[in-house]
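# What the coordinates show
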Amino acid sequence: MPFDPIYDRVSRVIPPVEWAAMEEDAKAILELKRQRRAVILAHNYQTPEIFHGVADIVGDSLALAREAEKADADVIVLAGVHFMAETAKLMNPGKIVLIPDAQAGCSLAESITAEDVALLRAKYPGRPVVAYVNTSAEVKAASDICCTSGNAKKVVESLGVPEVIMLPDEFLAQNVAKETDVKIIAWKGHCEVHERFTPGEIEQLRAAHPGVVILAHPECPPEVVAVSDFSGSTAVMADYVKREKPARVALITECSMSDNIAQANPGTQFVRPCNLCPHMKRITLGNIRRALEEMQTEVTIPEALFAPARRAVERMLAVK
Ligand code: 13P
Ligand code: SF4
């Protein structure tokens, strides 16, 4: 095969025969980005052909929110799930924000409504509401401040109060509660990908792969985080591998994460316990291409929600 700079970026994880079926879409997307003055923001759980092949900016939820604010383009394509595209629109309302599949949801975002937030406020008066970014614009608008898995502890402590409501991820709330003196009232939402990991699985990994370093996402149950070596957002995990260069690592998170960072860490062996996010996997090269060809599906935020939802994200981004 002649040298292809795009394929070179994914060659360790995509065999040439599979790339042959992707190449046309990838090249068409690069040309469409130029014509439309578009940028593609991709979450760390996107497949490697998107992450390495066509994305302009990749990262965790926090980085994508920050980058959405700065994006200098006419069009932002969000290769990720719907709440991420809404956050991009909130932070850069003058741009057209497209999501290649509007059905790309999230079990956490779907676990709570604005009415639920109102009921929590009535039950626990005076406690500020910290909403994980994995929520709809409607829930963000009903909250005081957002957080991500990369800044949750900092956000909770920035409020200077003894007790907060943190929603909707029960496990993230419990994991943060272990690291702070602030009391946390949690909701009962779970990530359908991370809730399936068990402490038994981690023990099996350690037995089968001696010396393996276990990094768990804080959406995992606290019992899983407790038997892991380190916990952090997807970007924090990627930084850890780059910095510490473990000989063997297992990322207790979504499948594509290991594929995406393997390319830049050839000295590390990735043991791959793998739970797939069906929502993230709705995004493909094919529907990114179609999104740019047809300028669909445009993400909009109802006017009444816009200012309060944006304020919650802005307050989070202001926390240093
Ligand atoms: P982070 O990339 O912020 O760690 O979030 C993980 C996640 O599940 C996003 O849907
Ligand atoms: Fe939602 Fe979990 Fe999928 Fe992230 S991995 S989009 S939190 S269901």
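First, a word on scope: everything that follows refers to the structure included in this document. (Residues numbered from 1 in each chain as written. Chains lettered and ligands numbered in written order. Predicted model: local features only at pLDDT ≥ 70, side-chain atom pairs only at ≥ 80, totals over all residues. Heavy atoms only, no water.)

### What about the overall build of the protein?
What counts is decided by this rule: Numbering of helices and strands starts at the N terminus; helices are DSSP runs of H or I of at least 4 residues and strands are runs of E of at least 2. A radius of gyration in this sense is built from C-alpha atoms; the matching globule rule multiplies 2.2 Å by the number of residues raised to 0.38. Relative accessibility thresholds used throughout: buried, under 20% of the residue-type maximum; exposed, over 50%; partly exposed, between the two (1.4 Å probe, protein chains only). Note on contacts: a residue pair is in contact if any heavy atoms of the two residues lie within 4.5 Å. For every accessible area listed, the method is Shrake-Rupley and the probe measures 1.4 Å; residues are considered covered only by the protein chains on display. When charges are counted, Lys and Arg are positive and Asp and Glu negative, with His and the chain ends excluded. Charge positions come from single atoms, namely NZ of Lys, CZ of Arg, CG of Asp or CD of Glu.
When helices and strands are tallied, the protein shows 15 helices and 12 strands. For the protein, the C-alpha radius of gyration of 20 Å lies close to 20 Å, the compact-globule estimate for 320 residues. Summarising its shape, the C-alpha atoms of the protein cover approximately 65 × 50 × 30 Å along the three principal directions. Looking at the protein residue by residue over its 320 residues, the buried ones come to 57%. The long-range share in the protein, meaning contacts at least 24 apart out of those at least 6 apart in sequence, stands at 60%. On the protein, roughly 13500 Å² of surface is accessible, and the fraction owed to carbon and sulfur atoms is 52%. Seen as two clouds, the 35 positive and the 43 negative side-chain charges of the protein have centres 4 Å apart.

### Overview of the site of ligand 2
Let me state the cut-off plainly: By convention in these notes, a residue is near a molecule or strand provided one of its non-hydrogen atoms lies within 4 Å of it. Side-chain classes are defined by residue name, with Ala, Val, Leu, Ile, Met, Phe, Trp, Tyr, Cys and Pro counting as nonpolar, Asp, Glu, Lys and Arg as charged, and the others, Gly among them, as polar.
Taken together, 13 residues lie near ligand 2, and C106, N134, C191, E219 and C277 sit nearest. Within the shell around ligand 2, the residues separate by chemical class into eight nonpolar, three polar and two charged.

### Quick notes on the side chain of T253
We count it as follows: Any N or O atom pair separated by 3.5 Å or less is treated as a polar contact, with the protein-specific requirement of one donor-capable and one acceptor-capable atom, and with residues adjacent in sequence counted only for side-chain atom pairs.
Structurally, T253 is set in the loop between strand 11 (248-252) and helix 13 (256-262). Only 2.8 Å separates the side chain of T253 from the side chain of H194, close enough to count as a polar contact. Leave out the neighbours within four places in its chain, and T253 touches Y45, H194, F197, H217, T234, M237, P273 and N275.

### Describing the side chain of S233
By the secondary structure assignment, S233 is in the loop between strand 10 (230-231) and helix 12 (234-244). Apart from residues no more than four positions distant in its own chain, S233 is found in contact with D60, S149, G150, H217 and P218.

### Topic: the packing of aromatic side chains
Where we set the bar: Between the rings of Phe, Tyr and Trp (Trp by its six-membered ring), a pair exists once the centres lie within 6.5 Å; its type follows the angle of the planes, with under 30 degrees stacked, over 60 edge-to-face, and the other angles tilted. When the NZ atom of lysine or the CZ atom of arginine is within 6 Å of a ring's centre and also within 35 degrees of its normal, the charge is said to sit over that ring.
Under the definition given, this model contains two aromatic pairs. Judged by centre distance (5.7 Å) and plane angle (35°), the ring pair of Y7 and W19 falls under tilted. With Y7 in helix 1 (residues 5-10) and W19 in helix 2 (residues 16-36), this pair connects stretches of sequence that are 12 residues apart. Across the pair, W19 and Y7 agree in class, each one buried. With a centroid separation of 4.7 Å and an interplanar angle of 35°, the aromatic rings of F230 and Y240 are classed as tilted. Note that F230 is positioned in strand 10 and Y240 in helix 12, a separation of 10 residues in sequence. By relative accessible area, which is 26% here, F230 ends up partly exposed. Sitting above the plane of the W187 ring, K188 keeps its charged end 3.7 Å from the centroid.

### So, the nonpolar core
Note the following rule: As used here, the term nonpolar core means buried Ala, Val, Leu, Ile, Met, Phe, Trp, Tyr and Cys residues forming a set that is joined through side-chain atoms within 4.5 Å.
Among the nonpolar cores identified, the biggest contains 89 residues, and V130, M166, L251, I288 and M316 are the most heavily contacted of them. Apart from the residues within four sequence positions on either side, M166 is in contact with V130, C147, A152, V156, L172, A173, V176, I184, I185, A186 and W187. Ranked by size, the runner-up nonpolar core spans 12 residues in total, among them I202, A216, V225 and A250.

### Looking at the site of ligand 1
Neighbouring ligand 1 are 13 residues; H43, S61, S149, H217 and T234 lie closest to it. In this structure, E219 approaches ligand 1 through a side-chain N or O atom, which is 3.3 Å from an oxygen atom. Within the side chain of T234, an N or O atom sits 2.5 Å from an oxygen atom of ligand 1. Protein contacts shield 96% of the accessible area of ligand 1, which totals 300 Å² for the unbound molecule. The class makeup of the residues in the shell around ligand 1 is four nonpolar, seven polar and two charged.

### Some details on the sheet that holds strand 8 (residues 183-186)
For clarity, the threshold we go by: When DSSP finds two or more bridges between a pair of strands, those strands are recorded as paired. Between the N-to-C directions of two axes lies an angle of 0 to 180 degrees, each axis being a line fitted to C-alpha atoms and, for a helix, fitted only over the stretch in contact.
Reading across from one edge, 6-5-7-8 is the order of the four strands in this open sheet, with parallel pairing throughout. What marks the edges here is a single partner per strand, and that holds for strand 6 (145-147) and strand 8. Each adjacent strand pair in this sheet contributes to an overall mean axis angle of 35°, direction not counted. The sheet strands contacting helix 6 (residues 114-123) are strand 5 (129-132) and strand 7 (163-167), and the helix crosses strand 7 at an angle near 160°. Sheet strands touched by helix 9 (residues 170-177): strand 5, strand 7 and strand 8. Its angle to strand 8, the strand with the most contacts, is close to 170°.

### Considerations on the sheet that holds strand 2 (residues 57-59)
Strands sit in the order 2-1-3-4 across an open sheet of four strands; the sheet is parallel. Looking along the sheet, the strands with just one partner apiece sit at the ends: strand 2 and strand 4 (96-98). Strand-to-strand, the axes of this sheet are offset by a mean angle of 20°, without reference to chain direction. As paired strands, strand 3 (residues 75-79) and strand 4 are joined by three bridges and run parallel to one another. Residue pairing for strand 4: I76 is matched across the bridge by V97.

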